[in-house]
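# Architecture and fold: a report
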Amino acid sequence: MVIASGFIEVNGSEDAEKVVNELKMRSIEVNEVNNEKVVFLIERETMARIKNDMELIKDINEVKNVYLAYYSIEGADEESIGPGI
């Protein structure tokens, strides 16, 4: 499972509500709306799905750009530690 977070820059603060509704229809969580920025959290099975969904978000008319701030891959922090370490 991959979890990613970032923000979307919209054309104007009046467009934020349209973008929020579109994100919710795509099962993308909205954490905050601040003027022309919409902070989101997305959870998908693969990084390829995250990338694809972010590209589709860019195609929404009211969106200027999408910025990825953070991503985490489930189990990535679990390292196998060899003997003697």
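This text gives an overview of the structure that appears in the document. (Residues numbered from 1 in each chain as written. Predicted model: local features only at pLDDT ≥ 70, side-chain atom pairs only at ≥ 80, totals over all residues. Heavy atoms only, no water.)

## Remarks on the overall build of the protein chain
A tally of helices and strands in the protein chain yields two helices and four strands. The linear arrangement of helices and strands in the protein chain, starting from the amino end, is β-α-β-β-α-β. Counting only residues that meet the buried cut, the protein chain has 29% of its 85 residues in that class. At a minimum sequence separation of 6, the contacts of the protein chain that also span at least 24 residues come to 67%. (Helix = DSSP H or I, 4+ residues; strand = E, 2+ residues; numbered from the N terminus. Buried < 20%, exposed > 50% of the residue type's maximum accessible area, 1.4 Å probe, protein only. Contact = heavy atoms within 4.5 Å.)

## Describing the side chain of arginine 44
Structurally, the position occupied by arginine 44 is in strand 3 (residues 37-44). Among the polar contacts made by the side chain of arginine 44, one reaches the side chain of aspartate 53 at a distance of 2.6 Å. Once residues lying within four places of it in the same chain are set aside, the contact partners of arginine 44 are Met1, Val2, Arg26, Ser27, Ile28, Arg49, Ile50 and Asp53. (Polar contact = N/O pair within 3.5 Å; in protein donor to acceptor, adjacent residues only side chain to side chain.)

## What about the pattern of salt bridges?
Per the counting criterion, the structure on display carries three salt bridges. Between aspartate 53 and arginine 44 there is a salt bridge whose closest N-O contact spans 2.6 Å. Salt-bridge contacts for glutamate 55 lead to lysine 58; the nearest nitrogen and oxygen are separated by 3.7 Å. Of this pair, glutamate 55 and lysine 58 both sit in helix 2 (residues 47-58), separated by three residues, roughly a single helical turn. (Salt bridge = Lys/Arg side-chain N within 4 Å of Asp/Glu carboxyl O.)

## Observations concerning a nonpolar patch on the surface
A cluster of nonpolar side chains, Met47, Leu68, Tyr71 and Ile73, forms an exposed patch at the surface whose accessible area comes to about 350 Å². The greatest single-element share of the nonpolar patch, amounting to three residues, is contributed by strand 4 (residues 63-73). Along the chain, isoleucine 73 falls in strand 4. (Patch = residues over 30% accessible without salt bridge, like charges linked within 9 Å, V, L, I, M, F, W, Y side chains within 5 Å. Areas by Shrake-Rupley, 256 points an atom, 1.4 Å probe, with all protein chains shown as cover.)

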